[in-house]
Amino acid sequence: MVHTGRKYVFDFDSTLTRVEALDVLAEMTLQGNPKREEIVSEIQKITNLGIDGDISFTESLERRIRLLSANKSDLEDLVKELRQKISKSIEANKQFFHEFSDDIYVISCGFKEFIDPIVEEYNIPSERVYANTFKFDTEGNIIGFDETNVLAAHNGKIECLKNLDLDGEVQVIGDGYSDYVMREAGIAHKFFAYTENVHREKAANNADHVAPNLDEFLFVNDLPRNLSYPKNRIKILLLENVHPAAFENLSEEGFSVELIKTSLSEDELIERIKGVHVLGIRSKTQVTQKVLDAADKLLVVGAFCIGTTQIDLEYSKKKGVVVFNAPYSNTRSVVELAVGQTIMLMRSIFPRSTEIHNGEWNKTAAGSQEVRGKNLGIVGYGNIGKQMSVLAEAMGMKVYYYDVNDQLALGNAVKCDTLEDLLSVSDVVTLHVDDNKANKNFIGEREINQMRDGAKLINLSRGFVVDIDALTNALKSGKLGGAAIDVYPSEPKSNGPFETPLQGLPNVILTPHIGGSTEEAQRDIAEFVPNKIMDYINTGNTVDSVNFPNIRLPKQNKAHRFLHIHRNVPGIMAKINEILAQYGLNISGQYLSTDSEVGYVITDLDKEYDKDVIKALKKIENTIKFRVLY
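Residues numbered from 1 in each chain as written. Predicted model: local features only at pLDDT ≥ 70, side-chain atom pairs only at ≥ 80, totals over all residues. Heavy atoms only, no water.

Asker: What exactly am I supposed to notice about the pattern of salt bridges here?
Answerer: Two side chains carrying opposite charge are able to pair once their charged atoms lie near each other. One pass over the structure, following the stated rule, counts 33 salt bridges. A salt bridge links Asp-544 to Lys-532; the shortest N-O distance between them is 2.8 Å. You can see Asp-544 sitting in the loop between α22 (519-539) and β21 (560-567) and its partner Lys-532 sitting in helix α22, a full 12 residues away along the chain. Given a relative accessible area of 34%, Asp-544 falls into the partly exposed group. (Salt bridge = Lys/Arg side-chain N within 4 Å of Asp/Glu carboxyl O. Helix = DSSP H or I, 4+ residues; strand = E, 2+ residues; numbered from the N terminus. Buried < 20%, exposed > 50% of the residue type's maximum accessible area, 1.4 Å probe, protein only.)

Asker: Would you mind showing me how to read a negative patch on the surface here?
Answerer: Taken together, Glu-519, Glu-520, Asp-524 and Glu-527 make up a surface patch of like negative charges. Among the secondary structure elements, Glu-519 is positioned in helix α22. Judged by relative accessible area, Glu-519 falls into the exposed class, the value being 70%. (Patch = residues over 30% accessible without salt bridge, like charges linked within 9 Å, V, L, I, M, F, W, Y side chains within 5 Å. Areas by Shrake-Rupley, 256 points an atom, 1.4 Å probe, with all protein chains shown as cover. Lys, Arg positive; Asp, Glu negative; His and termini not counted. Charge placed at Lys NZ, Arg CZ, Asp CG, Glu CD.)

Asker: Would you explain the layout of surface pockets in this entry?
Answerer: Which parts of space are left empty comes out when a probe the size of a water molecule is rolled across the atoms. Roughly 1,800 Å³ of volume is contained in the second largest pocket. Along the wall of the second largest pocket there are 49 residues; nearest its centre are Leu-227, Ser-228, Val-628, Leu-629 and Tyr-630. Contributing elements (two or more residues each) for the lining of the second largest pocket: α6 (94-99), α22, β21, α24 (612-618) and β24 (623-629). With five residues, β24 is the largest single contributor of residues to the lining of the second largest pocket. Within the lining of the second largest pocket, the residues separate by chemical class into 21 nonpolar, 11 polar and 17 charged. (1 Å grid on protein atoms, 1.4 Å probe; cavity = no way out; pocket = protein on both sides within 12 Å on 5 of 7 lines; lining within 4 Å. Points joined across faces, edges and corners; volume = space filled by probe spheres on them. Nonpolar A, V, L, I, M, F, W, Y, C, P; charged D, E, K, R; others polar.)

Asker: What exactly am I supposed to notice about helix α3 (residues 57-67) here?
Answerer: Since the α-helix advances by 3.6 residues per turn, residues separated by three or four positions end up pointing in the same direction. Residues of α3 that are buried include every one of Phe-57, Ser-60, Leu-61, Arg-64 and Ile-65, and no others. Taken down its axis, α3 places every buried residue within 120 degrees of arc, on the same side. (Arc of directions from axis to C-beta.)

Asker: So what exactly am I meant to see when it comes to a nonpolar patch on the surface here?
Answerer: A cluster of nonpolar side chains, Met-344, Ile-349 and Phe-350, forms an exposed patch at the surface whose accessible area comes to about 220 Å². The topology assignment puts Phe-350 in helix α17 (residues 349-357). A relative accessible area of 36% places Phe-350 in the partly exposed class.

Asker: Looking at this model, I keep getting lost on the sheet that holds strand β23 (residues 598-605). Mind explaining?
Answerer: Spatially, four strands are ordered β22-β23-β21-β24 in an open sheet, and the strand pairing comes out antiparallel. The open sheet terminates on both sides in strands that have one partner only, identified here as β22 (587-594) and β24. Going across the sheet, the axis of each strand differs from the next one's by a mean of 10 degrees, ignoring polarity. Bridge count for β22 against β23 is seven bridges, and the pairing is antiparallel. What sits directly across from Ser-593, in β23, is Tyr-600. Across the sheet, helix α23 (residues 572-582) is in contact with β21, β22 and β23; its angle to β22 comes to roughly 160 degrees. (Pairing = 2+ DSSP bridges. Axes fitted to C-alpha atoms, helices over the stretch in contact; angles between N-to-C directions. Contact = heavy atoms within 4.5 Å.)

Asker: Explanation requested: the pairing of strand β7 (residues 190-194) in the structure shown.
Answerer: Each regular strand carries side chains that alternate between the two faces of the sheet. Counting buried positions over the five residues of β7 gives four, a clear majority of the element. Bridge analysis of strand β6 (residues 169-174) against β7 gives four bridges, and the strand direction is parallel. Counterpart to Gly-174 in the pairing with β7 is Ala-193. Of the crossover connections in this fold, the one passing from β6 over helix α9 (residues 177-184) to the parallel β7 is right-handed. For β7 and strand β8 (residues 209-211), the ladder comprises three bridges, and the chain directions are parallel. Considered in β8, the bridge of Ala-193 is made with Val-210. Crossover β7 to β8 through helix α10 (residues 201-206) is right-handed. (Right-handed = clockwise from strand over helix to strand, strands pointing away.)

The quantities given are spatial measurements derived from coordinates; they are silent on function.
So, in structure tokens, the structure goes:
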């Protein structure tokens, strides 16, 4: 790392802290003032005018001081408040300030009275803090500022830095145009527009580099940092209009996120996937071998749904791409819809509703039955099936279930040994099977014929599970008394026209794959999947991955973490440790998880390392992916 020959000049407001200190002081001291909001808004407006250079800084300062109603005694509370508002990435990289304090300066048009106590905790002494100072009257009221201070003048930062006459390359880090002017004047070599807290176009457009956080600044300068790779450089592509909370959560974490409302075809995705580290999809986008081969940076795929058949899981694993889904987040939504559809079908609600819509009054009890005392057959007794069982029994239904796996019955539910046994006793059959390809046409003509005459069929699982033509014939012939279908063998990629042979049939409820589409479920998914993605990106954890060896790692504690994904062949661990020994690295923790095809080795190291060790580890035969966390 290059550590010498540079000086780093930081702004204070909206750079080292997330706020403008005078704005905060105004909000604190104007409590109870009926014009508080108006005055604070005016102060903020004047602040921005001065930062962008639209008015002279002297004028900006004078106008703001006149609007303040503050006393020297208020500054202690202001400092306490500012300590809680340190920029997130500044706080995370405190070590940098301690190690390089001799090369760090603060040049701010703020005031030393509140800057000194804050930066002192970052090992920046008062003599390297250049800022204005307040004037007080005999009662301690703030009445002005020291007009003789160069920083009280327009473009005072230029004069201040010039007077310092610093040796070596000078880099300025700040959020405003008033910081850029030092670069424009030729006395600073580089200007980094710091946008973690506020993005000022005028500063960003003139910057040598835009730094969304301190991690980016440290990365560009190859300086010690809390993160090995800045999160803003990790690109995330979210498709199919996933819930906005997912975008918000990932963006808040610092990642670079792009949101597209529709699914993409294979060719479109191949074009867009280049340079993407994380892909987020729902059920329509197909992640094929061709897509994965084109994904030069891909680390994770997040399925914002339960199913994963749209993803080539095995090939993803071979490419070292970890896949997460949301197996539980929308189960309640699916169950509630299934319960509602059970009642609607048994009561023939939809035919009666259609008649009313068509202007026909047909009050009749024909074909309308209570669910109490009826038999419900649940095919697939997993998370959804079990919840359905409990709710159906609470409504007085007799529950039967069938599952290819041995499942413990809840309540008074009765296990059926065969599918035929279940079909023959059920008044309503509801399907909750997984996306195993072997389940194609699981319910076909033969199975329908095994059902009771007049029985109802509900499918909220997978479109390919039911033979739609066989179901259509059974409904038209009267063999079945109704159906509720939410999923189809072929579904559009986006909203628009759709056709199915089931359209127009009586007592048939058709919905557009919305079983799990409630606001609550989509928000839960938007929390669950991003958390899994971030946990893997940030720590290497693979808990709940659907295609990768699962491992729960301890929290990283002042250690470098090497993540090595490889084909599961003998001797890899020995080769890794041999290389680490050659470079004199001490292992503080090491973890291994494997399956039949891949191995995942995580090694924590308690000291600095030679970068050549990374090259050596990547060259180990059968290595799939390698990355470093610290």
